[in-house]
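# Architecture at a glance
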There are 2 protein chains.
Amino acid sequence: MPTMTAAQKRARAKNEYDAFLAGCPSRELLDRISDKWVALLIAALAGDLPAREPGPLRYSELSRQVVGVSQKMLTQTLRSLERDGLVTRTVTPTVPVTVTYDLTDLGRSLQTVMRQLKSWAEQHMDEVFAHREAYDAG
Amino acid sequence: MPTMTAAQKRARAKNEYDAFLAGCPSRELLDRISDKWVALLIAALAGDLPAREPGPLRYSELSRQVVGVSQKMLTQTLRSLERDGLVTRTVTPTVPVTVTYDLTDLGRSLQTVMRQLKSWAEQHMDEVFAHREAYDAG
DNA sequence: CAGGATCCCGCTAGATACTG
DNA sequence: CAGTATCTAGCGGGATCCTG
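For clarity, every value in this text was computed on a predicted model and none was experimentally measured. (Residues numbered from 1 in each chain as written. Chains lettered and ligands numbered in written order. Predicted model: local features only at pLDDT ≥ 70, side-chain atom pairs only at ≥ 80, totals over all residues. Heavy atoms only, no water.)

### Some thoughts on the overall build of chain A
- When helices and strands are tallied, chain A shows seven helices and three strands.
- Partitioning the contacts of chain A with sequence separation of at least 6, the portion at a separation of at least 24 is 42%. (Helix = DSSP H or I, 4+ residues; strand = E, 2+ residues; numbered from the N terminus. Contact = heavy atoms within 4.5 Å.)

Printed below as a string of structure tokens:
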């Protein structure tokens, strides 16, 4: 995520600075949390996955649960979540070293909201797909 | 948005097909609605902006309210929303032609959820930014 | 007015290889 | 095990010009 999007730069240049639409920090955050892997990692850590209880997970466990994530994106996303205070990273000096990740309270509060999004998707996807087919047919 | 992400292809290739994490339709939908302009357009059409009531908006009104969106992305995003049954597109044969966009009931139900996300961002951004500074300092 | 068609650039996800 | 480093291709998205 860039520090400032082209849209924001343009708005700034034109001196039309709209709080919600362009340069507002909450917009930045909205961008952040609507990231693909962010959503999945938070769900995974919250235990919001079939056959899993909430609790800390190790790096390798995460990479197994979040099917399809590359090492690069996993590390990168975890770092950004840690930076934002949404997850904790705990290193246990065993050999080899053990690293676990867990949600913070802040992270859990976010998860509550994210869960609703997931819920909406699950409830309405049939309807959306029906619309999509009708549109493509017409 | 691609029909199938690289992650999905990989999952399919490995025959590890996880419902929520890889190829599930609800995942696709989550991707869709976490789009930047989708969020903003829905908010705009819902009237979830300073000094605006809900109601239909014209193409040019949208492009003015959603600061920074290009014509291409505006059209593209509106089309996809229409295809998914989230907005309606109404053409009135005046000269020149008048086109208005409005949320459907489905779109409004989504907006309810999106609003929560926005709300979360607005309430917790200070905390997140504090974490961020601390992290960068350390 | 409401777009369609093109060109083109920057970013970034992803693959691969390496390491404490 | 839990990452880091490097390279590259692909495409999202912006700018620009054009039209019914």
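Once the structure has been displayed, the description carries forward.
### Examining the protein's contact with DNA strand C
- Close to DNA strand C lie 20 residues, the nearest being Lys72 of chain A together with Arg58, Ser60, Arg89 and Tyr101 of chain B.
- Here Lys72 of chain A contributes a side-chain N or O atom positioned 2.4 Å from a base oxygen of DNA strand C.
- Between DNA strand C and Tyr101 of chain B, the relevant distance is 2.4 Å, taken from a phosphate oxygen to a side-chain nitrogen or oxygen of the residue.
- Secondary structure elements with two or more residues in the surface near DNA strand C: α6 (71-83) of chain A together with α1 (6-13), α5 (59-65), α6 (71-83) and β3 (98-103) of chain B.
- With four residues, the top contributor of residues to the surface near DNA strand C is α6 of chain A.
- Of the residues assigned to the surface near DNA strand C, the class counts are ten nonpolar, five polar and five charged. (Near = heavy atom within 4 Å. Polar contact = N/O pair within 3.5 Å; in protein donor to acceptor, adjacent residues only side chain to side chain. Nonpolar A, V, L, I, M, F, W, Y, C, P; charged D, E, K, R; others polar.)

### Details of the pattern of salt bridges
- Considering all chains together, one arrives at twelve salt bridges over all chains under this definition.
- Asp136 of chain B serves as the salt-bridge partner of Arg83 of chain A, at 2.5 Å between the closest nitrogen and oxygen. One end of the pair, Arg83 of chain A, is in helix α6; the other, Asp136 of chain B, is in helix α7 (residues 105-137), on a second chain.
- Residue class for Arg83 of chain A comes out partly exposed when judged on its relative accessible area of 25%.
- A salt bridge links Arg115 of chain B to Asp48 of chain B; the nearest nitrogen and oxygen atoms lie 2.8 Å apart. With Arg115 of chain B in helix α7 and Asp48 of chain B in the loop between α4 (36-45) and β1 (57-58), this residue pair connects regions lying 67 residues apart in the sequence.
- Judged by relative accessible area, Asp48 of chain B falls into the buried class, the value being 11%.
- One continuous salt-bridge network, built from bridges that share partners, spans Asp48, Arg115, Lys118 and Glu122 of chain A. (Salt bridge = Lys/Arg side-chain N within 4 Å of Asp/Glu carboxyl O. Buried < 20%, exposed > 50% of the residue type's maximum accessible area, 1.4 Å probe, protein only.)

### As for the protein's contact with DNA strand D
- Taken together, 17 residues surround DNA strand D, and among them Arg58, Ser60, Arg89 and Tyr101 of chain A together with Lys72 of chain B come closest.
- The sugar and phosphate moieties of DNA strand D supply 70% of its atoms located within 4 Å of the protein.
- Between Ser60 of chain A and DNA strand D, the recorded distance is 2.7 Å, taken from a side-chain N or O atom to a phosphate oxygen.
- With respect to DNA strand D, the side chain of Tyr101 of chain A contributes an N or O atom lying 2.6 Å from a phosphate oxygen.
- Taken together, the elements giving at least two residues each to the surface near DNA strand D come down to α1 (6-13), α5 (59-65), α6 and β3 (98-103) of chain A together with α6 of chain B.

### With respect to the confidence of the model for chain A
- Overall, the predicted model of chain A reaches an average pLDDT of 82, with 82% of residues at or above 70.
- This model gives residues 1-19 of chain A a pLDDT under 50, and the stretch forms 25 contacts once residues within four places in sequence are excluded. (pLDDT = per-residue confidence, 0-100.)

### Observations concerning the sheet that holds β3 of chain A
Residue and element names in this part refer to chain A.
- Pairing within the open sheet is antiparallel, and its three strands lie in the order β1-β3-β2. Sheet topology places β1 (57-58) and β2 (87-92) at the edges, where each strand pairs with a single neighbour.
- One ladder, built from six bridges, connects β2 with β3; its direction is antiparallel. Residue Thr88 lies in a different strand from β3, and its bridge partner there is Asp102.
- Relative to the sheet, helix α4 (residues 36-45) contacts β1, β2 and β3, its axis offset from that of β3 by approximately 95°.
- Strands β2 and β3 of the sheet are contacted by α6, whose axis makes an angle of about 110° with β2. (Pairing = 2+ DSSP bridges. Axes fitted to C-alpha atoms, helices over the stretch in contact; angles between N-to-C directions.)

### Some thoughts on the packing of helix α3 (residues 25-33) of chain A against α7 of chain B
- With their axes 8 Å apart at the nearest point, α3 of chain A and α7 of chain B run at an angle of 95° to one another. When the interaxial angle is binned, α3 of chain A and α7 of chain B end up roughly perpendicular. Contact with α3 of chain A, carried on its side by Pro25, Ser26, Glu28, Leu29, Leu30, Arg32 and Ile33 of chain A, involves Leu117, Lys118, Trp120, Ala121, Glu122, Met125, Val128, Phe129 and Arg132 of chain B of α7 of chain B and no other residues of that element.
- By residue class, the composition of the contact of α3 of chain A with α7 of chain B is ten nonpolar, one polar and five charged. (Parallel < 35°, antiparallel > 145°, perpendicular 65-115°, else oblique.)

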